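Here's the letter readout for the chains.
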Amino acid sequence: MNGLQLEAREFHAFEAAGERFVYLVPSAAVFRLDSATSAILERLSTGPRRLDALIDGLAGSFDEEDVKNGVYDLMETRAIGPAGAPPDTMPVEVPPADFPLTTMVLNVTSKCNLSCTYCYEYGEDRLVDEGTMPRYMDEQTAQESVEFMLAQSKAKDAVNLTFFGGETLLNFKLLQKTLDYARRRGVEEGKQVRFSLTTNGTLLKPDVIEWLSANDVGVTISIDGPKDTNDKFRVLSNGLGSYEMIVPKVRQLLERHSTRPIGARVTLTQQNLDVHRIFRHLTEEVGFREVGFAPVTTSSCQSYALDEASYDRMLVQFQELAREWLEAAVDDRFHGFSNVRESVEEIHKGFSKAYPCGAGLGLMGVGTDGNVSLCHRFAGSSEHRLGSVTEGVDREKQAAFLEEHHLAYKPDCHSCWARPLCSGGCYHEAQTRYGTTRAPNLHYCDWIRSWTHTCLEVYGELSERNPSFLRHFEA
Amino acid sequence: MRRLKGVNRKAFLIESHLDGLRRGESLDGAVPEDGAESVDELPRDVVGLRSSPGDPQIPLGCTLIFSPGWETDSTGSTAGLCQPVERDLFDCHLGCFWPAQVPDQLNHAPDWTSRCAAAEKDWRNIDLIFP
């Protein structure tokens, strides 16, 4: 037994609140180390060692029983193992074909009244040529989509219907009819249907706001911050900025619609990276409850694509906001930086993903023509079509998609400790960057690892300083 | 768990799974004696996390399950097997660590592969070894 040669297996160590932790890969478990286990891992980080050498080496600080117990705990959780043991294999377990749908994103129109330069739907990197899709979804297709959603949700007792565009509110009449229809059909089927939509805010008239509030519709507003940053890319077709038009309407919405939290969604570009200023403006001056940031999806040749230095700058600012979020959480206060909240929740639940997101699985997008695609970003792309709301999902195509997009087939990811949370990243981003949904998004690997490390630190510190806050993530 | 403290939900699942193993639900059926707390006495099943308690223990290795060529067909010969027996010889010769699976080329059958210069072309030239 004492001659057993031991080596470190896959984990990522981090420190928080003066304690040491390990994030185990691929189980995604987080354990707090004590001084003995910490010392054992430190020794093994330089290479394999025999158990008796470990005991001897640590004899000054720990007795034999401490070291053996530490080794035993670390072996049981697979943080360490016998030297030369094969690495964990990644079983390719494709989810069952009848996996229930939890979210349907309905593209009610492919038309938009803004001309944002970076738009993935209309900009340089678009997947679908303009004019190939009906501009507006018709009532029959919307109702068939609702039936599709209810049928595909199988035994689930709740399902989410997200209205999307183009500019969603350009088809407000259809929204009203579809929501009523879905609500009535949901009651008949014994299912709760939750509604949300994303809009650019230009058409938030008083009657629209009233309707959103009365029907508990969750709203996300696409906005890029104060006037000067928002108006760089979010412009009307004549090139004028949209800020002045949107913000008074958003203020009205925030004032009158209190049944659901209203969030802002910011697209970061090379020219628009002042995360702090944008966050302060949107929360403190405009009044959004939550703000989420995402770098623009684009091929690397566009002038607004983030370069490496910009990813670094974004990271530093994210880290500062994450610290703010932590201090708020320690005091049981709410803080609206949604990026960190989402990551901390995934860490707490121990997500270990075989797929980066639910696209093509629990989430599907429906185009204005009723075709079902991986997600709303692929609406109208024949290559990424999974079926239609009338014919249902092409199960063979779906199974083939899930099979070939499994993390097991992304060898670039296999040596990365952050893969349980990242799993290669957004399919649409990969399609835009590398021309295939199967490619892992290698251009932001370092960023993802640094950000995941920060979120682990935040999580570790929160678990020490205010563990009861983690109850918020138990649902 | 004496030295590690579970923090997230997945860690708690692992802890409760290991507790289950310790209570006697280990894969090899070994029930630790009362007070068997020392590291030497507890079952040391490092593959334990892969299966739930009570799963049958499946022997791993090539011949028992995955390489039917080493068996005989229903008539006691090898002609009716689902794969040519030669495919299996090379399966073990190249891909398997188990030394007894190939003929002893040092003593008993030194010329076993002498007519097989390139396996992908010449594997048919490898004959069976009859004692």
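Residues numbered from 1 in each chain as written. Chains lettered and ligands numbered in written order. Predicted model: local features only at pLDDT ≥ 70, side-chain atom pairs only at ≥ 80, totals over all residues. Heavy atoms only, no water.

S.K.: I tried to follow the interface of chain A and chain B on my own but got confused; where do I start?
M.R.: As a measure of interface size, the accessible area lost when the parts come together is often cited. Of the residues lining the interface, 34 residues belong to chain A; the matching set on chain B comes to 26 residues. Buried area between chain A and chain B, both sides added, is near 2800 Å², and the carbon and sulfur share of it is 54%. Across the contact surface, chain A and chain B share four salt bridges. B:Arg3 is paired through a salt bridge with A:Asp66; the nearest N and O atoms lie 2.3 Å apart. At the level of secondary structure, the elements contributing two or more residues to the side of chain A that touches chain B comprise strand E4 (30-32), helix H1 (35-44), helix H3 (64-76), helix H11 (338-349) and helix H15 (445-465) of chain A. For the side of chain A that touches chain B, a count of residues per class yields 14 nonpolar, nine polar and eleven charged. Of the pairings in the sheet, the one linking E4(A) to strand E1 (residues 5-6) of chain B comprises two bridges and is antiparallel in character. (Contact = heavy atoms within 4.5 Å. Buried area = accessible area lost by both parts, 1.4 Å probe. Salt bridge = Lys/Arg side-chain N within 4 Å of Asp/Glu carboxyl O. Helix = DSSP H or I, 4+ residues; strand = E, 2+ residues; numbered from the N terminus. Nonpolar A, V, L, I, M, F, W, Y, C, P; charged D, E, K, R; others polar. Pairing = 2+ DSSP bridges.)

S.K.: Which parts of the structure should I look at to understand the nonpolar core?
M.R.: Nonpolar side chains in soluble globular proteins generally cluster together in the buried interior. Among the nonpolar cores identified, the biggest contains 113 residues, and A:Leu161, A:Phe288 and A:Phe293 are the most heavily contacted of them. The element contributing the most residues to this core is helix H10 (residues 308-330) of chain A, with ten residues. Apart from the residues lying within four places of it in its own chain, the contact partners of A:Phe293 are A:Val266, A:Leu268, A:Val275, A:Ile278, A:Phe279, A:Phe318, A:Leu321, A:Phe337 and A:Asn339. Counting residues in each nonpolar core, the second largest holds 27 residues, with A:Leu24, A:Ile55, A:Ala79 and B:Leu18 among its members. (Core = buried A, V, L, I, M, F, W, Y, C linked by side-chain atoms within 4.5 Å. Buried < 20%, exposed > 50% of the residue type's maximum accessible area, 1.4 Å probe, protein only.)

S.K.: Any chance you could explain the packing of aromatic side chains here in plain terms?
M.R.: The description of an aromatic ring pair rests on the distance of the ring centres and on the angle between the ring planes. All names here are of chain A. Counted according to the given criterion, the structure contains 17 aromatic pairs over all chains. Aromatic side chains Phe337 and Trp451 sit 6.1 Å apart centroid to centroid with 65° between the ring planes, which places their arrangement in the edge-to-face category. Of this pair, Phe337 sits in the loop between H10 and H11 while Trp451 sits in helix H15; the two residues are 114 residues apart in sequence, bridging distant segments of the chain. Of the two residues, Phe337 and Trp451, neither departs from the other in class, the shared state being buried. Put simply, the rings of Phe279, Phe293, Phe318, Phe337, Trp447 and Trp451 touch in pairs and so form one group of aromatic residues. Taking the ring centre of Phe334 as reference, the NZ or CZ of Arg289 above it sits at 3.8 Å. Lying over the aromatic face of Tyr120, Arg377 brings its terminal NZ or CZ to 4.3 Å of the ring centre. (Phe/Tyr/Trp six-rings, centres within 6.5 Å; stacked < 30°, edge-to-face > 60°. Lys NZ or Arg CZ within 6 Å of the ring centre and 35° of its normal.)

S.K.: Can you walk me through the sheet that holds strand E3 (residues 19-24) of chain A in this structure?
M.R.: Adjacent strands of a sheet form backbone hydrogen bonds with each other and so pair up, either parallel or antiparallel. Taking strand neighbours across the sheet as the criterion, the four strands line up as E2(A)-E3(A)-E4(A)-E1(B) in an open arrangement whose pairing is antiparallel. Pairing within the sheet leaves two strands with one partner each, and these edge strands are strand E2 (11-16) of chain A together with E1 of chain B. Sheet analysis places E3(A) next to E4(A), joined by three bridges and oriented antiparallel. Pairing of A:Phe21 across the sheet is with A:Arg32, part of E4(A).

S.K.: Honestly, the side chain of A:Thr432 in this entry has me stumped. Any pointers?
M.R.: Relative to the helices and strands, A:Thr432 is located in helix H14 (residues 427-434). Residues within four places of A:Thr432 in sequence aside, it is in contact with A:Asp125, A:Thr297, A:Thr298 and A:Ser299.

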